[in-house]
Amino acid sequence: MNQPVLVFKKLAEILDWRIDQIVAPGVVMTMGNLHAGHLSLIRTSAQEHDTTVVTIFVNPKQFGPSEDFDRYPRTLHEDLALIQNLVQDFPHRKFIVFAPSSIDEIYGENFVTSVRVDHFTQKLCGLSRPTHFEGVTTVVARLLGITKPHVAYYGQKDFQQFFVIKKMAENLMLPYEICCCPIVRDEDGLALSSRNAYLSKDEREIALSLARAIVKLSNEVSSDRGALENLEHLSSFKKDYQHFEYLEILDANTLETINNKTQTMLIAGAIKVGKTRLIDNALVNLKSGPNHD
Ligand code: AMP
């Protein structure tokens, strides 16, 4: 019989627990409503760490005023059951869930700090979500300080988020490794997202046009062509996808325009389907071609 997963709902509880830990854990930060994408991050952490901390917190600071904070699915009971089920595959590992019982557990009245990464937050998703990444880096900095992990795991699905968090950790010399894990998809190719639950059947078909365009484009951009030619190809390709919020090719290591030194291209897009905004991307290694996860 596996140990039950320890669940902390109070900040003071996890801080007390963390003080007693000699070895730093792996951490996976989520907003809950867990799916196989989240679980793959938890598995990776558990493969590499004695203890994994999963945080579940719908962070109000990363939602814009007209976004879906209020209706974001909150399913703690089901989330804990999924983690308890996964634990069976790791009988010698420990799992902690930090699911703050209120927003005040994270942002009490003494909380007056904001962490902002410039430049890289002003492109791609930052164009339509100008305050989003500041909300992300602020909560991530706080959760890193609370959990003090060895490694924090993020999904490639939110590549810009991973990039910005890594930049923050580097710039602030935070002693935590920031790791990126592959995208998990449904059988039809749609990247798993808690927001997929908002989609009707017809909307899902429209949402799939983003994943399909990214696969098509990643097969078409090629290492034989120069950067400029690939960019010209992108602009003609985009004509068929004007309903996308954006579709871009950037250098995955710099998040800048690709050039002759680019080794890995990031092909990233966003689409709004009804009220639901979805993102997706692929990494294309110029030596070995597309890397379809
Ligand atoms: P969220 O709960 O949406 O904030 O996501 C928590 C973490 O899970 C983030 O690091 C996401 O990038 C990651 N994640 C979300 N969806 C997927 C997916 N389909 N595949 C891999 N990782 C994912």
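See the structure above.
A few points on the structure.

Parameters and conventions
Residues numbered from 1 in each chain as written. Predicted model: local features only at pLDDT ≥ 70, side-chain atom pairs only at ≥ 80, totals over all residues. Heavy atoms only, no water. Helix = DSSP H or I, 4+ residues; strand = E, 2+ residues; numbered from the N terminus. Rg over C-alpha atoms; globule rule 2.2 N^0.38 Å. Contact = heavy atoms within 4.5 Å. Areas by Shrake-Rupley, 256 points an atom, 1.4 Å probe, with all protein chains shown as cover. Lys, Arg positive; Asp, Glu negative; His and termini not counted. Charge placed at Lys NZ, Arg CZ, Asp CG, Glu CD. Core = buried A, V, L, I, M, F, W, Y, C linked by side-chain atoms within 4.5 Å. Buried < 20%, exposed > 50% of the residue type's maximum accessible area, 1.4 Å probe, protein only. 1 Å grid on protein atoms, 1.4 Å probe; cavity = no way out; pocket = protein on both sides within 12 Å on 5 of 7 lines; lining within 4 Å. Points joined across faces, edges and corners; volume = space filled by probe spheres on them. Near = heavy atom within 4 Å. Polar contact = N/O pair within 3.5 Å; in protein donor to acceptor, adjacent residues only side chain to side chain. Nonpolar A, V, L, I, M, F, W, Y, C, P; charged D, E, K, R; others polar. Pairing = 2+ DSSP bridges. Axes fitted to C-alpha atoms, helices over the stretch in contact; angles between N-to-C directions.

1. A few points about the overall build of the protein
Here is step 1 of the chain: Looking only at helices and strands, the protein has eight helices and ten strands in total.
Here is step 2 of the chain: The C-alpha atoms of the protein give a radius of gyration of 19 Å, which matches the 19 Å a tight globule of 293 residues would have.
Here is step 3 of the chain: Each principal axis of the C-alpha distribution contributes one length, and for the protein these read about 55 × 45 × 40 Å.
Here is step 4 of the chain: Considering only intrachain contacts with a sequence separation of at least 6, the fraction spanning at least 24 residues in the protein is 71%.
Here is step 5 of the chain: Carbon and sulfur atoms form 51% of the exposed surface of the protein, whose accessible area is close to 14,600 Å².
Here is step 6 of the chain: If the 31 positive side-chain charges of the protein are averaged to one point and the 36 negative ones to another, these points end up 1 Å apart.

2. Observations concerning the nonpolar core
Here is step 1 of the chain: Membership of the largest hydrophobic core comes to 44 residues, with the highest contact counts inside it found for Val-140 and Tyr-154.
Here is step 2 of the chain: Ranked by size, the runner-up nonpolar core spans 24 residues in total, among them Leu-199, Val-221, Ile-258 and Met-265.

3. Observations regarding empty space enclosed by the protein
Here is step 1 of the chain: Counted by the stated rule, this structure contains one cavity of 30 Å³ or more.
Here is step 2 of the chain: Here the largest cavity defines a volume of roughly 70 Å³.
Here is step 3 of the chain: Lining the largest cavity are Leu-124, Cys-125, Lys-157, Asp-158, Phe-159, Gln-160, Tyr-246, Leu-266, Ala-268, Ile-279, Asp-280 and Asn-281.
Here is step 4 of the chain: Those elements that provide at least two residues to the lining of the largest cavity are helix 6 (159-171), strand 8 (264-273) and strand 9 (276-285).

4. What to know about the site of the ligand
Here is step 1 of the chain: What surrounds the ligand is a group of 16 residues, the closest being Met-31, His-38, Asp-158, Val-184 and Leu-192.
Here is step 2 of the chain: At 2.9 Å from an oxygen atom of the ligand is found a main-chain nitrogen or oxygen belonging to Met-31.
Here is step 3 of the chain: Here an oxygen atom of the ligand and a side-chain polar atom of Asp-158 are 2.6 Å apart.
Here is step 4 of the chain: Protein contact buries 93% of the 490 Å² of open area that the ligand shows by itself.
Here is step 5 of the chain: Listed by contribution, the elements that provide at least two residues to the shell around the ligand are strand 2 (26-30), helix 2 (36-48) and strand 5 (151-155).
Here is step 6 of the chain: At three residues, helix 2 tops the list of elements feeding residues into the shell around the ligand.
Here is step 7 of the chain: Across the shell around the ligand, the residue classes break down as nine nonpolar, five polar and two charged.

5. Things to note about the layout of surface pockets
Here is step 1 of the chain: Considering only enclosed or pocket space, the second largest pocket measures out at about 280 Å³ in volume.
Here is step 2 of the chain: In terms of lining residues, the second largest pocket is bounded by 18 residues, among which Ile-56, Phe-57, Val-58, Arg-74 and Pro-100 are the most central.
Here is step 3 of the chain: The residue inventory of the lining of the second largest pocket, partitioned by class, reads ten nonpolar, five polar and three charged.

6. Topic: the sheet that holds strand 6 (residues 177-181)
Here is step 1 of the chain: One open sheet accounts for six strands, arranged 1-4-3-2-5-6; its pairing is parallel. Edge positions in the sheet fall to strand 1 (6-8) and strand 6, since each of these pairs with one other strand and no more. Each neighbouring strand pair of the sheet contributes to a mean axis angle of 25°, computed without reference to strand direction.
Here is step 2 of the chain: With three bridges joining them, strand 1 and strand 4 (residues 94-98) adopt parallel strand pairing. Opposite Leu-6, over in strand 4, you have Ile-96 as the bridge partner.
Here is step 3 of the chain: Sitting on the sheet, helix 1 (residues 11-19) touches strand 1, strand 3 (51-56) and strand 4, and the angle it makes with strand 1 is about 130°.
Here is step 4 of the chain: Contacting strand 2, strand 3, strand 4 and strand 5, helix 5 (residues 132-147) crosses the sheet at an angle of about 145° to strand 2.

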